[in-house]
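Structural overview
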Amino acid sequence: MYIPSTSAVACLSLLPLVSAFYPYVPVYPIIHSRKDLYKSVRHAEDALNPRDDSISLGIRRTLTRRTNKYNIISAQPPTQSNSVAVDQDGTDFSYMVTITFGTSSEEYHMLLDSAASNTWIMGGDCTSDVCNTHNTFGNGDSTSLTISDKTFSIVYGTGQVSGNLATDTAHIAGFSVPFTFGLASNVSSDFLSYPMDGILGLGRGDSTSNTIEAPSIMDVLISESLIKTKLFGVHLSRTSSGVNDGELDFGTPNPQLYNGDLIYIPTIANTNGFWEIAVDDAGVDGKALGVKGRSAIIDTGTSFILMPSDDAVALHKLISGSTQSGETFTVPCSATEIVQLSFGGVNFNISTADYVGRRLGGGACASNIIGRQTFGSTQWLVGDVYLKNVYTVFDFDGSRVGFGVKGEEKVAASSSATVSGGSPVPSKTSPLAGTTAPTALSQQSPGASASPTHNMAVKGDEGSGAMLALMAFIVLAVVL
Ligand SMILES: *[C@@H]1O[C@H](CO)[C@@H](O)[C@H](O)[C@H]1NC(C)=O
Ligand SMILES: *[C@@H]1O[C@H](CO)[C@@H](O)[C@H](O)[C@H]1NC(C)=O
């Protein structure tokens, strides 16, 4: 069993002239448990102090009492059936859907986790501090809830969750299904940093890697014949675009949320239930890194893109004015280069709105691409910084991940980034016509000029005092 032994928290000053520090919890490579090998990495912004200065675009009202003290911005209702709105925290760091259980009408906010198959929620008998600031579910909330004697325990690199398995009817996306999940009675304080009340597992894990030994929500939707195809599609909203229309589609992709055809990439077999696909290459403005044999673990539950140091260094070298500080990088806030990841022969663009992070001062911004090996030396962990740019289909039976290119109008709408609560949500614009022609990254020729022509979205200023925490959890879980 691998036990993390280095210090749990190290504060790194990014720039001598900047007072901002990153409380940084290192990610540890691999943890073995007695029964299972299981791992997952989470990253989220420190959400300890609910921000009341952030924008509010929510139009879906929470009708019931709320104990959850975090800033969660409801997305507009989905545009197709069998779908649920994907809410977020207002800083693009955590993406959640709401779920209700049994006879209760209370909404619980569940982090979308495509890198794990476990679903758990904070329980009513939880006495941990964390549970005081989140919505909890337990006896007294739903008359149909049954709590079993079977316990679960999920151990993270920096925390843990444990409790009992429970069963109730889960209501999500218009479906009502019998569902067994973890009801956590003991939640470590690490989760104070996160807005969600629980985690919805959407990984590919089978029973051997699913540490809560119960069918996942996708399994249940299939066994109940509620969806024909075992897949889900995800559109994650970008706060600075001013359109809060995140959506999770069960069974059928929503073609309104991307242009042209989906580009499918076969998944790589692995025992962890990861959605892992081959990366052809990466680049900046068409200049290729020239890396080979890399793979990407596609994770909606990770905010950033993390790649081993050498790859991150090479990538940032192509962004003029970038600097390195250990695992993290700065890029000019005014950077115009488009970072590209190439999958299935297509260069998918990452907008400056996404990889150029919070302002650090002196014109420098944090890069949201981190130089850290999370798993193997050729594996990249590709999270929301990339996924915001595409519509992503996770196809279980097809063993493939599909990417659809999003319309650029949404990005162009960025000037309306700050909308006060109660204002109407800008209506969704129609997608661009036409398909995207696959393009190849060319090997970089020195002096080759590149002039990006789009995607100059206004970046949201994160606000001066806000601390960015790169929280990373590795899951090691045992059903006791
Ligand atoms: C919660 O879990 C921690 C870590 O295993 C343990 O030390 C603590 O005693 C547990 N608390 C309760 C109330 O069970
Ligand atoms: C990426 O951006 C380039 C340059 O703006 C554009 O020509 C290309 O079509 C984009 N690729 C995709 C897949 O959207």
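Let us look at the structure shown here. (Residues numbered from 1 in each chain as written. Chains lettered and ligands numbered in written order. Predicted model: local features only at pLDDT ≥ 70, side-chain atom pairs only at ≥ 80, totals over all residues. Heavy atoms only, no water.)

Pairing is antiparallel in the open sheet, where four strands are placed in the order β20-β21-β25-β24. Two strands close off the open sheet at either side, each with one partner strand: β20 (323-325) and β24 (356-361). The sheet shows a mean angle of 35° between the axes of neighbouring strands, taken without regard to direction. Where β24 lies against strand β25 (residues 364-367), three bridges are found, and the strand directions are antiparallel. Looking at β25, one finds that Val-356 is bridged to Ser-367. Packing against the sheet, helix α3 (residues 309-317) makes contact with β20, β21 (328-332) and β25, and its axis sits at approximately 10° to β21. (Pairing = 2+ DSSP bridges. Helix = DSSP H or I, 4+ residues; strand = E, 2+ residues; numbered from the N terminus. Axes fitted to C-alpha atoms, helices over the stretch in contact; angles between N-to-C directions. Contact = heavy atoms within 4.5 Å.)

Turning next to the state of the cysteines. This structure, assessed with the given rule, holds two disulfides. Here Cys-126 pairs with Cys-131 through a disulfide, and the sulfurs are 2.0 Å apart. Disulfide Cys-126 to Cys-131: torsion about the S-S bond roughly 80°, handedness right-handed. Considered together, Cys-126 and Cys-131 belong to a single accessibility category, that of buried residues. Two residues share a disulfide in this structure: Cys-333 and Cys-365, whose sulfurs sit 2.0 Å from each other. Measuring the twist about the S-S bond at about 105°, one finds the Cys-333-Cys-365 disulfide to be right-handed. Of this pair, Cys-333 sits in the loop between β21 and β22 (339-343) while Cys-365 sits in strand β25, and the two are 32 residues apart along the sequence. (Disulfide = S-S within 2.5 Å. Buried < 20%, exposed > 50% of the residue type's maximum accessible area, 1.4 Å probe, protein only.)

Turning to the pairing of strand β27 (residues 379-382), a few remarks are in order. Alternating positions in β27 separate into two faces, Gln-379 and Leu-381 on one and Trp-380 and Val-382 on the other, with burial throughout. Sheet topology places strand β18 (residues 294-298) next to β27; four bridges connect them, and they run parallel. Within the sheet, the bridge partner assigned to Ile-298 lies in β27 and is Val-382. Relative to β27, strand β19 (residues 305-307) runs antiparallel, the two sharing two bridges.

This next bit is on the environment of Thr-378. Counting through the fold element by element, Thr-378 comes out in the loop between β26 (369-371) and β27. Judged by its relative accessible area of 33%, Thr-378 is partly exposed. Thr-378 sits 99 residues away from Val-279 along the chain, and the two C-alpha atoms are 9.8 Å apart.

Next up on the list: the pairing of strand β23 (residues 346-350). A large share of β23 lies buried, amounting to four of its five residues. The sheet contact formed by β22 and β23 spans five bridges and is antiparallel. Its bridge partner lying in β23, Gln-340 is registered against Asn-349.

Going through the model one piece at a time under the given rule, you end up with 23 aromatic pairs. Between the aromatic rings of Phe-101 and Phe-137, the centroid separation amounts to 4.8 Å while the plane-to-plane angle is 25°, which identifies the pairing as stacked. Taken together, the residues span a long stretch of sequence, with Phe-101 in strand β5 (residues 95-101) and Phe-137 in the loop between α1 (129-132) and β8 (146-156) at a distance of 36 residues. Each of the two residues, Phe-101 as well as Phe-137, counts as buried. When the centroid spacing of 6.0 Å and the interplanar angle of 45° are considered together, the rings of Phe-191 and Tyr-194 count as tilted. Pair check on accessibility: Phe-191 and Tyr-194 agree, each one buried. (Phe/Tyr/Trp six-rings, centres within 6.5 Å; stacked < 30°, edge-to-face > 60°.)

Looking now at the sheet that holds β27. Hydrogen bonds between backbone atoms are what pair the strands of a sheet, whose relative direction is either parallel or antiparallel. Here five strands make up an open sheet; going across it, the order is β15-β18-β27-β19-β26 and the pairing mixed. Of all strands in the sheet, those with a lone pairing partner are β15 (276-279) and β26, marking the two edges. For this sheet the average axis-to-axis angle between neighbouring strands, irrespective of direction, equals 25°. The pairing of β15 with β18 spans four bridges and is classified as antiparallel. When the bridges of β18 are listed, Glu-276 appears paired with Ile-297. Packing of α3 onto the sheet brings it into contact with β18, β19, β26 and β27, and relative to β26 it is tilted by some 135°.

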